[in-house]
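Fold and contact review
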Amino acid sequence: MQVLSVTPEIFPLIKTGGLADVTGALPEALAGLGVGTRSLVPGYPVVMSALKKKKAVHLYTALQGGKAALHAAEIGGLDMLVLDAPHLFDRPGGPYGDATGADWQDNWRRFAALGRVGADIAAGVVKDYKPDIVHAHDWQSAMTLAYMRYGEAAKVPSVMTVHNLAFQGQFGASIFAGLGLPQQAMALDGIEYYGGVGFLKAGLQAAWAITTVSPTYAQEIRTPAFGMGLDGLINLRAAELHGIVNGIDDDIWNPETDKHLAATYTAKSLKGRKANKRAIEERMTLDRDDGPIYCVVSRLTWQKGIDILASIIDPVVASGARLAILGSGDAGLEGALLAAAARHRGRVGVVIGYDEGLSHQLQGGADGILIPSRFEPCGLTQLYGLRYGCVPIVARTGGLADTVIDANEAAVAAGVATGFQFAPENAGDFHHAILRANALYADPAAWASLQRQGMKADVSWDRSAQKYAALYRMLLSKRDA
Ligand code: ADP
């Protein structure tokens, strides 16, 4: 079986969030199950410079205002199709905007082009390659499914995965003329969305199956509180909606082999964690003591509940815990955290920025990881936390609810607990969860058993890949029915 994965990000080449981890890791896990994946990605500068031997497999004389070429390449073990369209993708900054974070004005063009090319591949423009399934990730890839539906590949089964419903790709109605779709597409059951054009909406409407990245989030997005305007449509398509939890890439996230750590370790012997904790104290200028360090590795945004965290830093510090925070995002939240660090020298360390290595060190040395998200489709940092014995303390929402077992009395007694959960958006309950963690931390044997139980949890891609493979097979039998 051959799957074309269409994605705006892929680890390790280009990543702004968990989506890249998923699209980077799933191909290898699926390969073990007899499913081949080719990934179509935009030719951003970092992607183009990673192309060693490039071979054009298709040329466009005019694609959204310029010439473009599609290159087949293997990069880091990934089988890729790279859309080289310099007028759309050859620019500095991030994948969606300039260095200041402002979105590119022509994002609709850039990702309509990606979608057009995805649909062309599904229809067979690349010689000797015809995917059995097309799998689109997030709004940037969603137009693939619309172009397929209104073009020549309507009979190719498709999957639309929503990694975060908050990002929808909404544009004004005036762009419709530039999309090159038939007039009938500008309809309620097509790509029209609140009077404009909705890319994700179009994909959700056209997909044969819809997935999101945890069972709980799949239920949550059917409600107005989490549906972000799309709950009506998602309810209509509830029979085709699936929740599949992400896995983690064991080659990259493995405390036994992790090169970013001062000391590696195993579930059997957690001793190495001590050296890693000392390294964190050094790096984040924290006092050295025997109390717990809780880390944060996150985008600093409202979604992630960082304002809620900021509101309880003083009592958390008063409880004796130290905080090691890595993240970047909203200026106001960065400022609030830096102010807390200044108020609590030696107790709160804050690094503003994106630092892959430090994110590993924190998981390998901190005692717990705090994740107070308001909503969390899946979340990866709690999975890394489980794998690394960095006990997750999480809001009970989305994938966080699905992957962490709260250390309530019964779960501790039964030896199944892996972390702590608290009521979302509830600063009091968040604080209380940290106090519960402090209490358990004071009992080293109990804490170690919590860590080991988490490290035993199956957070591998194998389990998730089996679910995707089963979904693909189900769609193929639907096609053939
Ligand atoms: P989201 O995709 O919503 O940002 P996830 O938890 O699914 O949240 O994935 C976030 C990913 O980005 C994880 O791999 C996490 O380790 C990483 N990450 C987030 N912020 C930083 C940072 N400041 N430095 C390094 N890695 C980060």
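Residues numbered from 1 in each chain as written. Predicted model: local features only at pLDDT ≥ 70, side-chain atom pairs only at ≥ 80, totals over all residues. Heavy atoms only, no water.

Details of the packing of helix α1 (residues 18-31) against helix α19 (residues 461-480)
Rules: Whenever a helix is involved, its axis is fitted only over the stretch in contact; in every case the axis is a line through C-alpha atoms, and angles between N-to-C directions fall within 0 to 180 degrees. Helical segments are the DSSP runs of H or I of at least four residues, strand segments are the runs of E of at least two, and each set is numbered from the N terminus. Here the angle decides the label: under 35 degrees means roughly parallel, over 145 means roughly antiparallel, 65 to 115 means roughly perpendicular, and every other value means oblique. Whether two residues touch is decided by their heavy atoms; if any such pair falls within 4.5 Å, the residues are in contact. Gly is put with the polar residues, along with every residue not named as nonpolar or charged; the nonpolar set is Ala, Val, Leu, Ile, Met, Phe, Trp, Tyr, Cys and Pro, and the charged set is Asp, Glu, Lys and Arg.
Packing of α1 against α19 leaves a shortest axis separation of 9 Å and a crossing angle of 80°. Viewed along their axes, α1 and α19 adopt a mutual orientation that is roughly perpendicular. For the pair α1 and α19, the contacting residues are D21, V22, A25, L26, A29 and L30 in the first and W461, D462, A465, Y468, A469 and Y472 in the second. When grouped by side-chain class, the residues that make up the contact of α1 with α19 number 10 nonpolar, no polar and two charged.

Some words on unusual backbone geometry
Condition: We call a residue buried when its accessible area falls under 20% of the maximum for its residue type, exposed when it is over 50%, and partly exposed in between, using a 1.4 Å probe and counting protein chains only.
Omega for the bond connecting F11 with P12 falls within 30 degrees of zero, at 5°, which places this linkage in the cis form. One non-glycine residue, D138, adopts positive backbone phi at about 60°. Within the secondary structure layout, D138 lies in helix α5 (residues 138-149). Exposure remark for D138: the relative accessible area of 7% places this residue in the buried category.

Topic: the site of the ligand
What counts is decided by this rule: Summary of the distance rule: residues count as near a molecule or strand when at least one heavy atom falls within 4 Å of that molecule or strand. What qualifies as a polar contact is a pair of N or O atoms within 3.5 Å, subject to a donor-acceptor requirement within protein and to the restriction that residues adjacent in sequence count only when both atoms come from side chains. The Shrake-Rupley method, run with a 1.4 Å probe sphere, supplies the accessible areas, and residue values consider only the shown protein chains as cover.
With respect to spatial proximity, 19 residues lie near the ligand, and among them G18, R299, K304, G353 and L380 are the closest. Take K304: an N or O atom from its side chain is 2.9 Å from an oxygen atom of the ligand. Residue Y384 places a side-chain N or O atom 3.5 Å away from an oxygen atom belonging to the ligand. Protein burial of the ligand: of its 560 Å² of free accessible surface, 92% is covered by the chains. Elements that contribute at least two residues to the shell around the ligand include exactly α1, β13 (293-300), β14 (322-329), α13 (356-365) and α14 (381-388). Classifying every residue of the shell around the ligand gives five nonpolar, eight polar and six charged.

Observations concerning the UniProt feature "domain: Glycosyl transferase family" (unreviewed entry) in the protein chain
Note the threshold: UniProt positions are given in the numbering used here, feature names are shortened, and annotations may be inferred rather than shown by experiment.
Sequence positions flagged by UniProt for "domain: Glycosyl transferase family" (unreviewed entry) are, in local numbering, residues 287-437. The span residues 287-437 is 44% helical and 22% strand by assignment, and the distance between its end C-alpha atoms comes to 20 Å.

Observations regarding the sheet that holds strand β18 (residues 420-422)
Quick note on the threshold: Pairing between strands is defined by DSSP: at least two bridges between the two strands are required.
The parallel open sheet is built from six strands, whose spatial order is β15-β14-β13-β16-β17-β18. Unpaired on one side and paired on the other, β15 (348-352) and β18 mark the two borders of the sheet. The sheet shows a mean angle of 20° between the axes of neighbouring strands, taken without regard to direction. Pairing analysis gives eight bridges linking β13 to β14, with the strands arranged parallel. When the sheet's bridge partners are listed, V297 is paired in β14 with L326. Relative to β15, helix α12 (residues 331-343) is tilted by about 145°, and along the sheet it contacts β13, β14 and β15.

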